[in-house]
Amino acid sequence: MILPPFLSPGDTVGVVAPASWFPYSELAEGLRILREDWRLNVIEGASLQAIDGPFAGSDDLRRNDLQQLFDNPSVRAIFAARGGYGCYRIADGLDLSGLLANPKWLVGFSDVTVLLSLLTNRGVISLHGLMPRQFGDPNRAESLESLRQWLFGNCPAYYETPAHPLNRQGQASGPLVGGNLTMLTNSFCTPTDLNVSGKILFIEDIDETLFSLDRMMTQFQRSGRLAELAGLVVGQFTDMRANLSLSFGKGAYEIIADTVAAYDYPVLFDFPAGHVDYNLALPIGKTVQLMVQPESAVLHFNL
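About the cut-offs
- Counting starts from 1 at the beginning of each chain's written sequence and moves along it residue by residue.
- Where local features are concerned, this predicted model is filtered to residues with pLDDT of at least 70; where side-chain atom pairs are given and counted, the filter is 80 or more; whole-chain, interface and lining totals use all residues.
- No hydrogens and no water enter the side-chain calculation; it runs on all heavy atoms of the structure.
- Elements are defined by DSSP. Helices are runs of H or I of four residues or more, strands are runs of E of two residues or more, and each kind is numbered from the N terminus.
- With a 1.4 Å probe rolled over the protein chains alone, any residue whose accessible area is under 20% of its type maximum counts as buried; one over 50% counts as exposed, and the rest are partly exposed.
- Should any heavy atoms of two residues lie within 4.5 Å, those residues are counted as being in contact.
- For every accessible area listed, the method is Shrake-Rupley and the probe measures 1.4 Å; residues are considered covered only by the protein chains on display.
- For the purpose of charge, His is not counted, nor are the chain termini; Lys and Arg are scored as positive and Asp and Glu as negative.
- Throughout, a charge is located at the NZ atom of Lys, the CZ atom of Arg, the CG atom of Asp or the CD atom of Glu.
- Think of it this way: DSSP has to see at least two bridges between two strands before they count as a pair.
- The path from the first strand over the helix to the second decides the hand: if it runs clockwise while the strands point away from the viewer, the crossover is right-handed.
- Here an angle of 0 to 180 degrees is reported between the N-to-C directions of two axes, which are lines fitted to C-alpha atoms, with helices fitted over the stretch in contact.
- Polar contact is the term for a pair of N or O atoms within 3.5 Å; when the atoms are in protein, one must be able to donate a hydrogen and the other to accept it, and sequence-neighboring residues count only if both atoms are side-chain atoms.

### Topic: the overall build of the protein
Move 1: Looking only at helices and strands, one finds 10 helices and 13 strands in the protein.
Move 2: Counting only C-alpha atoms and orienting by the principal axes, one finds that the protein spans roughly 50 × 45 × 35 Å.
Move 3: Going through the 303 residues of the protein one by one, you find that 57% of them count as buried.
Move 4: Look at the contacts in the protein between residues 6 or more apart in sequence, and 79% of them connect residues 24 or more apart.
Move 5: Roughly 11900 Å² of accessible area belongs to the protein as shown, and the carbon and sulfur atoms make up 48% of that amount.
Move 6: Charge centroids of the protein, computed over 21 positive and 32 negative side chains, lie 4 Å from each other.

Quick look at the structure:
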């Protein structure tokens, strides 16, 4: 896997909106942080001020925004301004030859998972982390700092989390892959489908019914993917909903634990990443070591 060069003050980065639109004014503090606090030169994509139905401009406009940054050798990192929905529609039309010739960081999560998977499949490490529209929220200061550390080369050696009653103890190592569970499941049998064999899979999601979660986990199981994992890191499952007429009788973590009960690899629950304020940056594609012990769990980054 290719680790893109770390950033330095004065480097050029790009900010685009490859998915849903949002008021441009909501990006003001994020752009200020990039320019003034991090001292980066920022290229703003046309998609940041475009609207086409629910999207930040047409598919062609959003794809072209990304493509220009992929092809620009002076750009060292690309930030998705927000998620929502739309990356899934443009992923297959992107040419990564420019990015592979001049590797650069891609930053985002949620719907951006499909783009992170695209880079994973081409051998480039990316960052699952906070997006510029969220940078100005003081409740996300620790999340923002974790992203800055990864981008500027002050990477943490590990993350440690408290024990969780559903954790399964053990040790494993392998490339860290994954992201939003819905996007991962919708990518089955497409060019952004992930080979998870021997990998440590990270999953998170938001605003899904418990029945949908069970269906997605069962699809992972029926496809044989769960049996192939080296380990599983379960992030935040936020605002999960029961169906109006029927109670599932289990919570999100219980559903996931039941689905992987037949396997023996380590499983870490309640990792602080996903659609929450405390959303630690994760290097997708990088080889990591997962250690789940009785008193805590540790994700080592083998720096």
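### Considerations on helix α5 (residues 113-121)
Every α-helical turn comprises 3.6 residues, leaving residues that sit three or four positions apart pointing alike.
Move 1: Burial runs high along α5: 8 of the 9 residues are buried.
Move 2: One or two positions beyond α5, positive phi appears at G123, with a value near 85 degrees.

### Let's talk about the pairing of strand β1 (residues 12-16)
Move 1: Along β1, 5 of the 5 residues are buried, which leaves the element largely enclosed by surrounding structure.
Move 2: Where burial is concerned, the two faces of β1 agree: the one with T12, G14 and V16 and the one with V13 and V15 are both buried.
Move 3: Inspection of the sheet shows β1 paired to strand β2 (residues 41-44) by 4 bridges, in the parallel sense. Considered in β2, the bridge of G14 is made with I43.
Move 4: Each parallel crossover has a hand, and for β1 linked through helix α1 (residues 28-37) to β2 it is right-handed.
Move 5: Pairing of β1 with strand β3 (residues 75-80) involves 5 bridges; the strand directions are parallel. Pairing of T12 across the sheet is with V75, part of β3.

### Observations concerning the sheet that holds strand β9 (residues 231-238)
Move 1: The strand order across the open sheet formed by 7 strands is β6-β13-β12-β7-β8-β9-β10, and the pairing between neighbours is mixed. The outermost strands of the open sheet, each flanked by one partner alone, are β6 (158-162) and β10 (267-268).
Move 2: Where β6 and strand β13 (residues 296-300) come together, 5 bridges link them in antiparallel fashion. For T161, the partnering residue across the bridge sits in β13 and is A297.

### A word on the sheet that holds β2
Move 1: If you walk across this open sheet you meet the 6 strands as β2-β1-β3-β4-β5-β11, and the pairing is mixed. This sheet does not close on itself; its edge strands, each paired only once, are β2 and β11 (282-284). For this sheet the average axis-to-axis angle between neighbouring strands, irrespective of direction, equals 25 degrees.

### Digging into the environment of I51
Move 1: Summarising the element assignment, I51 is placed in the loop between β2 and α2 (59-71).
Move 2: Given a relative accessible area of 56%, I51 falls into the exposed group.
Move 3: In the structure, I51 is positioned 199 residues away from K250 in sequence and 40 Å away in space, judged by C-alpha atoms.
Move 4: Sequence-distant contacts of I51, defined by excluding residues within four places in its chain, comprise W21, A56 and G57.

### Focus on the side chain of R63
Move 1: With respect to the helices and strands, R63 occurs in helix α2.
Move 2: Engagement of the side chain of R63 in a polar contact is seen with the backbone oxygen of R89, the distance being 3.5 Å.
Move 3: A distance of 3.3 Å separates the side chain of R63 from the backbone oxygen of I90, its partner in a polar contact.
Move 4: When near neighbours in sequence (up to four residues on either side) are disregarded, R63 contacts R89, I90, G93 and L94.

### So, unusual backbone geometry
Leave glycine aside and you will find that most residues have negative phi; peptide bonds, for their part, are mostly trans.
Move 1: The backbone of R39 sits at a positive phi, close to 55 degrees, despite the residue not being glycine.
Move 2: Looking at the element boundaries, R39 is found in the loop between α1 and β2.
Move 3: The class for R39 is exposed, based on a relative accessible area of 54%.
Move 4: The phi dihedral of S110 is positive, around 65 degrees, even though this residue is not glycine.

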